[in-house]
Amino acid sequence: MVAEIELSDEQFQRYARHLILDEVGEEGQAKLLAARVLVIGAGGLGSPMLMYLAAAGIGTIGIVDDDRVDLTNLQRQIVHATRRVGDPKVDSARETLERINDGIRIETYPVRINAGNAEALIGQYDVVADGSDNFATRYLLTDLCFKLKKPLVAAALSPFEGQLSTFRPYLGDGHPCYRCLFHEAPPPNLVPRCEEAGILGAVAGVLGTLQAVEVLKEVLGLGDSLDGALLIYDALGARFHRIRIGKDPDCATCGRRGG
Ligand SMILES: [Zn+2]
């Protein structure tokens, strides 16, 4: 993608700390401004991710969430505010992002992503970031991002731990997908969501912020991708672990018999 965007004087100041970096510069900032990123979920992961993507000047951010802001969300979902309790999360998030950066476009979808709408949504964007909290959505995004050849930056949370990876299985050998890692969803009762299990709120902030970094790297083509690796954050141990993920030749999504 060749980005042909002339930065305005305001943008030169706003993005000055990007422009000064050799690794980003005017060309990189133009790539960010031309990019279209779809964020699934304006919750614990989506909140910091959306705020950093907006601040960084991702030119078009899509937000998918069918939920409304609840008082119990505010302990970790920092894109929302007390006075927005009861409002659609996409509207609350839009207001916050427009306050951070009025020079980008926010596209909101107050729907639950499903097999009927996902392909049309994903098809309009360059990169997809999964901040959902359920396996059905993770597998749906895995299958469609593979089909449509879109990078998928995915994170998951437990009370004191988080996991993060980037999936580009359409690149072939050495590029696994989420299903190569987790062949099928565990029974729902084994994996409590934040709502039931609780979570130390800032853990979501760490993972959502890391997710924003990986999305920006993906757009900029910068550094080492987490494609083929799983980054695990152990908050209680104050440790990060990184493990390699292999491609499963029999994967139902991206293996020889899949796709
Ligand atoms: Zn796979």
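All residue numbers refer to position in the chain's written sequence, counted from 1. Two thresholds apply to this predicted model, a pLDDT of at least 70 for residue-level local features and 80 or more for giving and counting side-chain atom pairs, whereas whole-chain, interface and lining totals are computed over all residues. By convention in this description, side-chain values take in all heavy atoms of the structure and omit both hydrogens and water.

Draft legend 1. Focus on the coordination of the zinc ion. Surrounding the zinc ion are the protein donor atoms Cys177 (SG), Cys180 (SG), Cys251 (SG) and Cys254 (SG), which sit 2.3 Å from the metal. For Na, K and Ca the donor cutoff is 3.2 Å, while for all other metals N, O and S atoms must lie within 2.8 Å; water is not among the atoms, so some sites may look incomplete. Tetrahedral means four donors with every angle between 85 and 135 degrees, whereas square planar (four donors) and octahedral (six donors) require angles over 155 degrees between opposite donors and between 65 and 115 for all others; sites fitting neither are termed irregular. Taken together, the four donor atoms surrounding the zinc ion define angles of 96 to 120 degrees at the centre, an arrangement classified as tetrahedral.

Draft legend 2. Summary view of the pairing of strand β8 (residues 239–244). Here, strands pair whenever DSSP counts at least two bridges between them. Where helices and strands are cited, they refer to DSSP runs of H or I of at least four residues and of E of at least two residues respectively, numbered from the N terminus. As judged from the six bridges shared by strand β7 (residues 229–234) and β8, these two strands associate in the antiparallel manner. For Ala229, the partnering residue across the bridge sits in β8 and is Arg244. Linkage of β7 to β8, two consecutive antiparallel strands, is achieved through a turn of four residues, within which Ala238 is found at a positive phi near 50 degrees.

Draft legend 3. Focus on the sheet that holds strand β3 (residues 105–109). Spatially, the eight strands line up as an open sheet ordered β3-β2-β1-β4-β5-β6-β7-β8, and their pairing is mixed. Sheet topology places β3 and β8 at the edges, where each strand pairs with a single neighbour. The mean angle between the axes of side-by-side strands here comes to 15 degrees, regardless of whether they run parallel or antiparallel. Bridge count between strand β5 (residues 152–158) and strand β6 (residues 161–167): seven bridges; the pairing is antiparallel. For Ala155, the partnering residue across the bridge sits in β6 and is Leu164. Fitting a line to C-alpha atoms yields each axis, with helices limited to the stretch in contact; the angle taken between N-to-C directions then spans 0 to 180 degrees.

Draft legend 4. Spotlight on unusual backbone geometry. Unlike most non-glycine residues, Lys149 shows phi in positive territory, near 60 degrees. Looking at the element boundaries, Lys149 is found in the loop between α7 (135–148) and β5. Exposure classes here rest on a 1.4 Å probe applied to the protein chains alone. A residue is buried below 20% of its type maximum, exposed above 50%, and partly exposed in between. The class of Lys149 is exposed, set by a relative accessible area of 54%. The backbone phi angle of Ala238 is positive, close to 50 degrees, even though this residue is not glycine. For Ala238, the location among the structural elements is in the loop between β7 and β8.

Draft legend 5. Broad picture of the pairing of strand β4 (residues 127–130). Here β4 shows two buried faces, one formed by Val127 and Ala129 and the other by Val128 and Asp130. Pairing of strand β1 (residues 36–40) with β4 involves four bridges; the strand directions are parallel. When the sheet's bridge partners are listed, Leu38 is paired in β4 with Val128. Of the strand pairs in this sheet, β4 and β5 are connected by three bridges, and their pairing is parallel. Paired with Ala129 across the bridge in β5 is Val153. Handedness is read with the strands pointing away from the viewer; a crossover is right-handed when the path from the first strand over the helix to the second is clockwise. Between the parallel pair β4 and β5, the chain is carried across by α7, and the sense of this crossover is right-handed.

Draft legend 6. Representation of the packing of aromatic side chains. Each pair of aromatic rings taken from Phe, Tyr and Trp, with Trp reduced to its six-membered ring, is defined by centres within 6.5 Å and is described as stacked if the planes are under 30 degrees apart, edge-to-face if over 60, and tilted in the remaining cases. Taken as a whole and assessed by the stated rule, the structure comprises five aromatic pairs. Ring pairing ties together the aromatic residues Phe135, Tyr139, Phe167, Tyr178 and Phe182, which thus form one cluster. When the NZ atom of lysine or the CZ atom of arginine is within 6 Å of a ring's centre and also within 35 degrees of its normal, the charge is said to sit over that ring. Here the guanidinium or amino end of Arg36 rests over the ring plane of Tyr125, the centre of that ring lying 4.6 Å away.

Draft legend 7. Molecular detail of the packing of helix α4 (residues 46–56) against helix α10 (residues 201–220). Where α4 contacts α10, the two axes come as close as 7 Å, and the packing angle between them is 35 degrees. Once α4 is placed against α10, the crossing between them reads as right-handed. Each of Pro48, Met49, Tyr52, Leu53 and Ala56 in α4 lies in contact with α10, whose residues at this interface are Ala204, Gly205, Gly208, Thr209, Gln211, Ala212, Val215 and Leu216. Note that Gly is not counted as nonpolar here; it falls among the polar residues with everything else outside the nonpolar set of Ala, Val, Leu, Ile, Met, Phe, Trp, Tyr, Cys and Pro and the charged set of Asp, Glu, Lys and Arg. The residue inventory of the contact of α4 with α10, partitioned by class, reads nine nonpolar, four polar and no charged. For a crossing to be left-handed, the near helix must be turned anticlockwise from the far one by less than a right angle; the clockwise case is right-handed. We call two residues contacting when some pair of their heavy atoms lies within 4.5 Å.

Draft legend 8. Expanded view of the environment of Leu236. One can find Leu236 in the loop between β7 and β8. Each C-alpha atom of the pair Leu236 and Pro159 lies 10.0 Å from the other, and the pair is 77 residues apart in sequence.

Draft legend 9. Expanded view of the pattern of salt bridges. Think of a salt bridge as a Lys or Arg side-chain nitrogen and an Asp or Glu carboxyl oxygen that are within 4 Å of each other. Summed over the entire model, instances satisfying the criterion amount to 16 salt bridges. Asp102 is paired through a salt bridge with Arg14; the nearest N and O atoms lie 3.7 Å apart. Taken together, the residues Asp102 in the loop between α5 (89–100) and β3 and Arg14 in helix α1 (residues 9–14) connect sequence positions 88 residues apart. As a salt-bridge pair, Arg84 and Glu95 come within 2.3 Å of each other at their nearest N and O atoms. With Arg84 in the loop between β2 (60–64) and α5 and Glu95 in helix α5, the pair connects residues that are 11 residues apart, well separated along the chain. On the basis of relative accessibility, which here comes to 23%, the residue Glu95 falls in the partly exposed class. Taken together, the salt bridges that share partners define one network made up of Arg83, Arg84, Asp87, Glu95 and Arg99.

Coordinates in, geometry out; function isn't part of it.
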